[in-house]
Amino acid sequence: NMFNYMADHTYLEHEGNEYYFHGGSTAEQVFRLSIGNMLIVMFTLGIGTPWAIVRTIKYQMRNMMLHGAFDPTGIEQTEPAYTDATGDMLGDALGF
């Protein structure tokens, strides 16, 4: 299915090592999730759309595995001081 394809072609690179993901979902699971989400959205007239999105993301995170001995404590922010002042300029323009 498409979820497994996307997961299987996703990798994380850290300190010169590549760690690959693997999708562990079945077609039946994806079908049931899709039907359930469609019913939620239809019966709530669209108000349940955020709930359907959260259900899909939770499903993806539960069924994606990372191969290898990856240590997440070694992750650092690449730019120590974020220097984008777009919010400051917008606040000045709006008088905040």
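Note that the structure is predicted; figures quoted are calculated from it, not measured.

Conventions used here
Residues numbered from 1 in each chain as written. Predicted model: local features only at pLDDT ≥ 70, side-chain atom pairs only at ≥ 80, totals over all residues. Heavy atoms only, no water. Helix = DSSP H or I, 4+ residues; strand = E, 2+ residues; numbered from the N terminus. Buried < 20%, exposed > 50% of the residue type's maximum accessible area, 1.4 Å probe, protein only. Contact = heavy atoms within 4.5 Å. Areas by Shrake-Rupley, 256 points an atom, 1.4 Å probe, with all protein chains shown as cover. Pairing = 2+ DSSP bridges. Axes fitted to C-alpha atoms, helices over the stretch in contact; angles between N-to-C directions.

K.L.:
In this structure, what is going on with the overall build of the chain? I would like to understand it.
P.N.:
Of the regular secondary structure elements, the chain holds four helices and three strands. Counted from the first residue to the last, the chain has its helices and strands arranged as α-β-β-α-α-β-α. Expressed as a percentage of its 96 residues, the buried residues of the chain come to 18%. Pairs at least 24 residues apart make up 54% of the contacts formed inside the chain by residues separated by at least 6 positions. When the accessible surface of the chain is totalled, it reaches about 7800 Å², and 63% of it is carbon and sulfur.

K.L.:
Quick question: what am I supposed to make of the sheet that holds strand E1 (residues 11-14) here?
P.N.:
Hydrogen bonds between backbone groups are what pair the strands of a sheet, and the pairing can be parallel or antiparallel. With respect to topology, three strands assemble into an open sheet ordered E1-E2-E3, the strand pairing being antiparallel. Two strands close off the open sheet at either side, each with one partner strand: E1 and strand E3 (64-66). Mean inter-strand twist for the sheet, computed between neighbouring axes without regard to direction, equals 20°. As defined by bridge partners, strand E2 (residues 17-23) adjoins E3 across three bridges and the pair is classed as antiparallel. Residue Phe21 lies in a different strand from E3, and its bridge partner there is Leu66.

K.L.:
Is there a simple way to think about the pairing of E1 in this case?
P.N.:
When a strand is regular, its side chains alternate between the sheet's two faces. The pairing of E1 with E2 spans four bridges and is antiparallel. The residue bridging His14 from the neighbouring strand is Asn17, located in E2. Counted between consecutive antiparallel strands, the loop separating E1 from E2 contains two residues, among which Glu15 sits at a positive phi close to 50°.

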